[in-house]
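Single-letter residue listing:
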Amino acid sequence: MNEDSIAWKIAEKAHEQGAQFVLTNAPVAMRMGEINNLAAKTGSEVVPADATSMDDLNALFEKAESILGGKLDFILHSIGMSVNVRKGKEYTDLNYDWLTKGWDVSAVSFHRVMQVAWQREAMNDWGSILALTYIAAQRTFPDYNDMADNKAYLESIARSFGYQWGVRNKVRVNTISQSPTPTTAGSGVKGFGGFINYAEKMSPLGNATADDCADYAISLFSDLTRKVTMQNLFHDGGFSSTGVSEAVIERFEED
């Protein structure tokens, strides 16, 4: 969408490391975003695609392989959206049509992307497929709403399809569970600023930034992580392993 996006940072880091790639977003999102600026900066071409459309995804892969001159070494899935969150619906009063739309965009699209790549045999052996997630898939963050369910399903897809990719092509499939990060999507969650501040106080290393996440993603695209697959990898400064921190204890003692 813009330079606050984690995907944007990953594209910049990949370019710095000499990668060639195509960029994509839904046509409606492209009209609101700045993806063409990123394309100019990284010498990349933009191929519009709706990740919930199999026709669009097939066209995307066909054009990507044509532009890049062959099969792909890595794919990044960095998509998340909840209509219920945008519309302010509580988890106990969800609109199920909106739920289905958000689930399709945020999670099922990951399966769609991999299924198209699988059927087209579009990945090189020992390639890497990566998606971004959040710890709300394992722990309850009330205002994260139905996005938590979407992320849980996303992580399950990574494991299930990751097995198939590993057996056939030695392709890795992983998810990065990133610290709360101030992106356009994240900022739409009620109380997100509180998430960020709490995680910062809980994490021994502090929150991982979007730039930090980009570095980690590049390592997972590289040959240095050839035997890491079907994993949900916490990239959160230690938040996921910390029961309570001294900073949080001190805060409650003050109260």
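So, here's what we can say about the structure.

Reading the values: the criteria
Along each chain, numbering runs from 1 in the same order as the chain's sequence is written. Two thresholds apply to this predicted model, a pLDDT of at least 70 for residue-level local features and 80 or more for giving and counting side-chain atom pairs, whereas whole-chain, interface and lining totals are computed over all residues. Just so you know, side-chain values use all the structure's heavy atoms and leave hydrogens and water out. Exposure is judged per residue with a 1.4 Å probe applied to protein chains only, and the accessible area is read against the type maximum: over 50% gives exposed, under 20% gives buried, and values in between give partly exposed. Here a strand is any run of E in DSSP of at least two residues, a helix any run of H or I of at least four, and the numbering for each starts at the N terminus. When DSSP finds two or more bridges between a pair of strands, those strands are recorded as paired. Crossovers are marked right-handed if the path from the first strand over the helix to the second runs clockwise, as seen with the strands pointing away from the viewer. The arc in question is the one traced by the directions running from the helix axis out to the C-beta atoms. Any two residues whose heavy atoms approach within 4.5 Å are treated as being in contact.

Focus on the pairing of strand 5 (residues 172-178)
- When you tally the buried positions in strand 5, you get 7 out of 7 residues, the bulk of the element.
- Burial along strand 5 is two-sided: Arg 172, Asn 174, Ile 176 and Gln 178 and Val 173, Thr 175 and Ser 177, pointing in opposite directions, are all buried.
- As defined by bridge partners, strand 4 (residues 123-133) adjoins strand 5 across 6 bridges and the pair is classed as parallel. What sits directly across from Ile 129, in strand 5, is Val 173.
- For the handedness criterion, the β-α-β arrangement of strand 4, helix 7 (residues 147-169) and strand 5 is classed as right-handed.
- Judged from the 4 bridges that link them, strand 5 and strand 6 (residues 232-235) form a sheet pairing that is parallel.

Some points on helix 3 (residues 35-42)
- For helix 3, the full list of buried residues reads Ile 35, Leu 38, Ala 39 and Thr 42. Across the axial projection of helix 3, the buried residues extend over an arc of 105°, all falling on one side. Exposed residues on helix 3 whose side chains face more than 90 degrees from its buried face are Asn 36, Ala 40 and Lys 41.
- Against helix 1 (6-16), strand 1 (22-23), helix 2 (27-32) and strand 2 (45-46) lie the buried residues of helix 3.
- Once helix 3 ends, the next one or two residues include Gly 43, with phi positive near 65°.

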